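Chain by chain, the residues run as shown.
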Amino acid sequence: MRISKVGGSLLTVGNVLNVIGRVVGRDYLGNKLVLVVSAMKGVTDQLIRAFDNHDPNALDNALSTYMSEALNLGLNDLASFLELAREELRRFINLGEPWVRDYVIIHGELLSTLLIERALNDLLGLRAKAVYEPGIVTDSNWGFASVNHELSSKYVIERVGGVLSKYDVVVVPGFLGVTSDGRYTSLGRGGSDYTASLLASYLGASRLTFYTDSGGILSGDPRIINDAVLLREVGYDEAYTASLLGAKKFHPRTFEPLLKSKVLTIITDPWREDGTYVVNNCITTPKLITLNEVGGAFRVSVVGCRISQVSHLRGEAYEIMASYDAKVINDDQHAVSALLNEWDDAVSLARDLHRWVRSWIA
Ligand SMILES: Nc1ncnc2c1ncn2[C@@H]1O[C@H](COP(=O)(O)OP(=O)(O)O)[C@@H](O)[C@H]1O
Ligand SMILES: N[C@@H](CC(=O)OP(=O)(O)O)C(=O)O
């Protein structure tokens with residue numbers, strides 16, 4: 001059984017059927033398949049804006065994305081349902097309680113699940129079933145809920161595993177959990193990645209594929225490093241550290257379940273044959289640069305298996321960092337980091353460090 005996670009970066013208006021068709025064509029192949037889906041591109045940001053600013057226009061934009069795609073796909077009967085959802089959410093964005101925020105912002109994933117289940121059945125002729133509550137049980141730390149693995153693994157096996165035996169494809173919303181008293185929670189930004197790795201571990205998947213627009217993990221954030229290259233392989237430990245530091249906007253806990261279960265994991269896009277394979281090997285070279293904001297400052301890191309414990313590699317990174325007004329941090333065996341106050345300096349250091357990283361990549 002395979003798990004394929006379809007990132008919101010790929011789910012743009014006019015492209016949903018094409019993307020889902022490719023993913024199913026690659027990963028179904030007679031295997032049972034669980035599709036973990038994110039909100040369509042931009043929708044979670046709009047829902048957050050709708051709630052935080054009590055802004056009905058942002059809500060309308062989010063719902064219009066689904067309305068347009070439903071009509072593109074000829075699923076005209078979904079229009080009245082989407083209208084009802086808009087009316088209901090309009091009432092909710094005027095409430096102030098924290099649990100309501102989570103309830104509102106996970107709606108992108110719920111609507112993607114609805115749309116994709118219908119597309120698989122009506123347009124691609126597969127036997128597909130949506131499981132809107134796959135059984136991820138969390139605490140009520142709204143906005144960044146923690147998962148209760150004991151209960152979640154039991155429920156996921158019952159609910160998703162149970163449906164899988166009767167259908168070809170099960171469609172599951174990423175990003176969301178449910179408290180034990182039945183309220184929706186969100187797992188935090190990028191949480192669909194975490195949903196997919198949790199399901200892969202609980203269900204003992206044979207393969208986990210993250211489909212995303214960047215085609216894999218790159219040696220740096222392409223929005224700031226224009227010669228970033230695709231990494232063919234990264235170790236589980238490196239992927240774990242890289243996601244903690246924000247690479248590919250992964251949820252920080254994405255690789256936590258995989259450190260133990262070691263499910264074969266690939267990050268790619270639906271059209272390329274290659275991508276990044278997550279492997280057991282731990283090769284001690286600098287692999288990639290990350291840049292993230294931490295409490296108003298900017299953390300720039302070089303990630304590579306155990307690089308902070310190898311004195312000549314640590315020394316070379318320090319030498320590059322020395323020309324900046326930066327505080328060096330050495331709190332992770334797989335990364336060497338610097339903290340800077342200015343964004344422009346952080347970008348410049350990231351680019352300098354990336355030139356060094358590139359010299360190590362074949
Ligand atoms: N090291 C990296 N490798 C790949 N993408 C990265 C990296 N760092 C930052 N990114 C950015 O992350 C984006 C993908 O994250 P996201 O939009 O959350 O994808 P998805 O919606 O597919 O999960 C890419 O388009 C890219 O701009
Ligand atoms: N939609 C949520 C969860 C998620 O993982 O999305 P994506 O797959 O687009 O990163 C977010 O934007 O945070």
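For the structure, see preceding data.
Summarised in this report is the structure supplied together with it. The model shown is predicted, which means the values in this text are computed figures rather than measured ones. Position numbers for residues count from 1 along each chain, tracking the sequence in the order it is written. Written order decides the labels, with chains lettered from A and ligands numbered from 1. This being a predicted model, a pLDDT of at least 70 is required before a residue's local features are given, and a value of 80 or more before pairs of side-chain atoms are given or counted; all residues contribute to the totals for chains, interfaces and linings. Think of the side-chain values as coming from all heavy atoms in the structure, minus any hydrogens and water.

**Notes on the nonpolar core**
What we call a nonpolar core is a set of buried Ala, Val, Leu, Ile, Met, Phe, Trp, Tyr and Cys residues that are connected through their side-chain atoms within 4.5 Å. Buried means the residue's accessible area, taken with a 1.4 Å probe over protein chains only, is under 20% of the maximum for its type, while exposed means over 50%, and partly exposed covers the values in between. In terms of nonpolar packing, the biggest core is built from 55 residues, with Leu 35, Ile 116 and Leu 120 touching the most fellow members. Here Ile 116 is in contact with Leu 11, Val 16, Ile 20, Leu 35, Val 37 and Val 171, once residues within four sequence places are set aside. One finds Leu 164, Leu 203, Ile 217 and Val 303 within the second-largest nonpolar core, a separate group that totals 40 residues. We call two residues in contact when some of their heavy atoms are within 4.5 Å.

**Side note on the site of ligand 2**
By nearness alone, every residue bordering ligand 2 is listed as Lys 5, Gly 7, Gly 8, Ser 38, Ala 39, Thr 44, Glu 109, Phe 175, Arg 189, Gly 190, Gly 191 and Ser 192. A distance of 2.7 Å separates a nitrogen atom of ligand 2 from a polar side-chain atom of Thr 44. Any pair of N or O atoms that falls within 3.5 Å is considered a polar contact. Within protein, one atom must be able to donate a hydrogen and the other to accept it, and sequence-neighbouring residues count only if both atoms are side-chain atoms. In the model, a nitrogen atom of ligand 2 is placed 2.6 Å from a nitrogen or oxygen of the Glu 109 side chain. Shrake-Rupley sampling with a 1.4 Å probe provides the accessible areas, and residues are treated as covered by the protein chains on show and by no other component. A total of 340 Å² of accessible area belongs to ligand 2 in isolation, and the protein chains cover 85% of it. Residues belonging to the shell around ligand 2 are distributed by class as follows: two nonpolar, seven polar and three charged. A single heavy atom is enough: if one lies within 4 Å of a molecule or strand, its residue is considered near that molecule or strand. Amino acids outside the nonpolar list (Ala, Val, Leu, Ile, Met, Phe, Trp, Tyr, Cys, Pro) and the charged list (Asp, Glu, Lys, Arg) are all regarded as polar, and Gly is one of them.

**A look at helix H2 (residues 43-52)**
Going along the chain from the N terminus, every DSSP run of H or I of four or more residues is numbered as a helix, and every run of E of two or more is numbered as a strand. Most of H2 is tucked away: seven of the ten residues are buried. Looking at the buried side of H2, the elements it contacts are helix H3 (56-72), helix H4 (78-92), helix H5 (98-105) and helix H6 (107-123). Remark: His 54 follows H2 within two positions and exhibits a positive phi of approximately 45°.

**Quick notes on the packing of aromatic side chains**
Aromatic rings from Phe, Tyr and Trp, taking only the six-membered ring of Trp, are treated as a pair when their centres fall within 6.5 Å; an angle between ring planes under 30 degrees marks them as stacked, one over 60 as edge-to-face, and anything in between as tilted. Taken as a whole and judged by the stated rule, the model has six aromatic pairs. Taking 4.8 Å as the distance between ring centres and 40° as the angle between the ring planes, the aromatic pair formed by Phe 92 and Tyr 103 counts as tilted. Taken together, the positions of Phe 92 in helix H4 and Tyr 103 in helix H5 put the pair eleven residues apart, joining distant regions of the chain. With 5.4 Å between their ring centres and 65° between their planes, Phe 298 and Trp 343 make a pair best called edge-to-face. Separated by 45 residues along the polypeptide, Phe 298 in strand E12 (residues 297-303) and Trp 343 in helix H12 (residues 343-358) bring together distant segments of the chain. Among the residues examined, Trp 343 registers a relative accessible area of 40% and is labelled partly exposed. Whether a charge sits over a ring comes down to the Lys NZ or Arg CZ being within 6 Å of the ring centre and within 35 degrees of the ring normal. Taking NZ or CZ as reference, Arg 159 lies 5.1 Å from the ring centre of Tyr 155, over its face. For the cation-ring pair, Arg 183 lies above Trp 99, with the distance from its terminal atom to the ring centre recorded as 4.9 Å.

**Here's the deal with unusual backbone geometry**
Its identity is not glycine, yet Lys 249 carries a phi of approximately 50°, on the positive side. Look at Arg 306: it is not a glycine, yet its phi comes out positive at around 55°. For Arg 306, the location among the structural elements is in the loop between E12 and helix H11 (311-322). Judged by its relative accessible area of 36%, Arg 306 is partly exposed.

**Focus: the packing of H2 against H3**
Working convention: axes come from line fits to C-alpha atoms, limited for helices to the stretch in contact. Angles between N-to-C directions cover 0 to 180 degrees. Viewed as axis vectors pointing N to C, H2 and H3 meet at an angle of 150°, and their least axial separation amounts to 7 Å. On the basis of the axis angle, H2 is roughly antiparallel to H3. As H2 packs across H3, the resulting crossing turns out to be left-handed. Of the residues in H3, those in contact with Val 43, Gln 46, Leu 47, Arg 49 and Ala 50 of H2 are Ala 58, Leu 59, Asn 61, Ala 62, Thr 65 and Tyr 66. The class makeup of the residues in the contact of H2 with H3 is seven nonpolar, three polar and one charged. By the definition adopted for this analysis, an angle is roughly parallel if under 35 degrees, roughly antiparallel if over 145, roughly perpendicular if from 65 to 115, and oblique otherwise. Left-handed describes a crossing whose near helix is turned anticlockwise from the far helix by less than a right angle; the clockwise case is right-handed.

**A look at the site of ligand 1**
In the neighbourhood of ligand 1, 17 residues make up the surrounding shell, with Lys 5, Ser 9, Thr 212, Asp 213 and Leu 218 lying closest. Within the backbone of Leu 218, a nitrogen or oxygen atom sits 2.9 Å from a nitrogen atom of ligand 1. Here an oxygen atom of ligand 1 and a side-chain polar atom of Lys 249 are 3.5 Å apart. Bound to the protein, ligand 1 loses 88% of the 580 Å² it would expose on its own. Mapping ligand 1 onto the cavity grids shows that it belongs to the largest pocket. Looking at the shell around ligand 1, its residues break down into four nonpolar, seven polar and six charged. For each structure, a 1 Å grid was placed over the protein atoms alone; sets of points admitting a 1.4 Å probe that cannot get out are labelled cavities, open sets with protein on both sides within 12 Å along at least five of seven lines are labelled pockets, and lining residues have an atom within 4 Å of a point. For this analysis, a molecule is said to be in a pocket or cavity if more than half of its atoms are within 2 Å of the grid points defining it.

No statement about biological role is implied by the geometric values presented.
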